[in-house]
Amino acid sequence: MTNLVADADVLIAGLFSAKRKDHADLMDDLAAEITELGGRVVRRFVQRRGVSGGKKGQAPGGQANMDQPYSSRTLMSTGKVHEIAEACTETQAAAVVFSNDLTGRQRTALTEILGCPALSRSDLQRSPDLPSPR
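Keep in mind that this is a model prediction, so the values were computed, not measured. (Residues numbered from 1 in each chain as written. Predicted model: local features only at pLDDT ≥ 70, side-chain atom pairs only at ≥ 80, totals over all residues. Heavy atoms only, no water.)

> Which parts of the structure should I look at to understand unusual backbone geometry?
Trans peptide bonds make up the majority, and among non-glycine residues the majority have a negative phi. In this structure, Asp 7 is a non-glycine residue whose phi angle is positive, near 55°. Counting through the fold element by element, Asp 7 comes out in the loop between α1 (2–5) and β1 (9–17). Backbone geometry places Gln 92, a non-glycine residue, at a positive phi of 55°. Assignment of secondary structure puts Gln 92 in the loop between α3 (78–91) and β3 (95–98). Of the residues examined, Gln 92 reaches a relative accessible area of 62% and is grouped as exposed. (Helix = DSSP H or I, 4+ residues; strand = E, 2+ residues; numbered from the N terminus. Buried < 20%, exposed > 50% of the residue type's maximum accessible area, 1.4 Å probe, protein only.)

This is the structure:
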């Protein structure tokens, strides 16, 4: 995975619960890790999962789902994924590295939508490399 980010423009993205106050630090750490591997972080995307609903006698709304992905298929909301895809096209990014772990299904769907490999932070430590669709 590291050869996908070495000497390449990379986007980073993360989905965080509104309860998580250190999300900016986590994104900075991810950016530093990519820089250490020789990559250049050209844009960042953060989606926060906020609190909603929860009135007495009603469903808890977003609070009950704060630690869950917006979509089991793409992790983030459709709008955020399209925003990232546009940035991939504009910057000709070599990859998007997510702070979150991705399932195989999410990785496949995101790679197709984004037009470049979708990786998770944990992929940066793995030795086998995924082929690049570009």
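The structure having been displayed, the exposition proceeds.
> Is there a simple way to think about the pairing of strand β2 (residues 40–49) in this case?
Sheet analysis places β1 next to β2, joined by nine bridges and oriented parallel. Paired with Phe 16 across the strands is Arg 48, a residue of β2. You can see the chain leave β1, run along helix α2 (residues 23–36) and come back into β2, and the turn it takes is right-handed. (Pairing = 2+ DSSP bridges. Right-handed = clockwise from strand over helix to strand, strands pointing away.)

> Just to check I follow, could you spell out the pairing of β3 for this structure?
Both faces of the sheet carry side chains from a regular strand, because those side chains alternate between them. Burial along β3 is two-sided: Ala 95 and Val 97 facing one way and Val 96 and Phe 98 facing the other are all buried. Two elements, β1 and β3, share four bridges in a ladder whose sense is parallel. Within β3, the position partnered with Ile 12 by the bridge is Val 97. Relative to strand β4 (residues 118–120), β3 is paired through three bridges, and the arrangement is parallel. Among the inter-strand pairings, Val 96 is bridged to a residue of β4, identified as Ala 118. After leaving β3, the chain enters helix α4 (residues 104–114) and then returns to the sheet as β4, a path that is right-handed.

> Sorry, what's going on with the side chain of Ser 17 here?
Along the polypeptide, Ser 17 turns up in strand β1. At a separation of 3.0 Å, a polar atom in the side chain of Ser 17 contacts the main-chain amide nitrogen of Lys 19. (Polar contact = N/O pair within 3.5 Å; in protein donor to acceptor, adjacent residues only side chain to side chain.)

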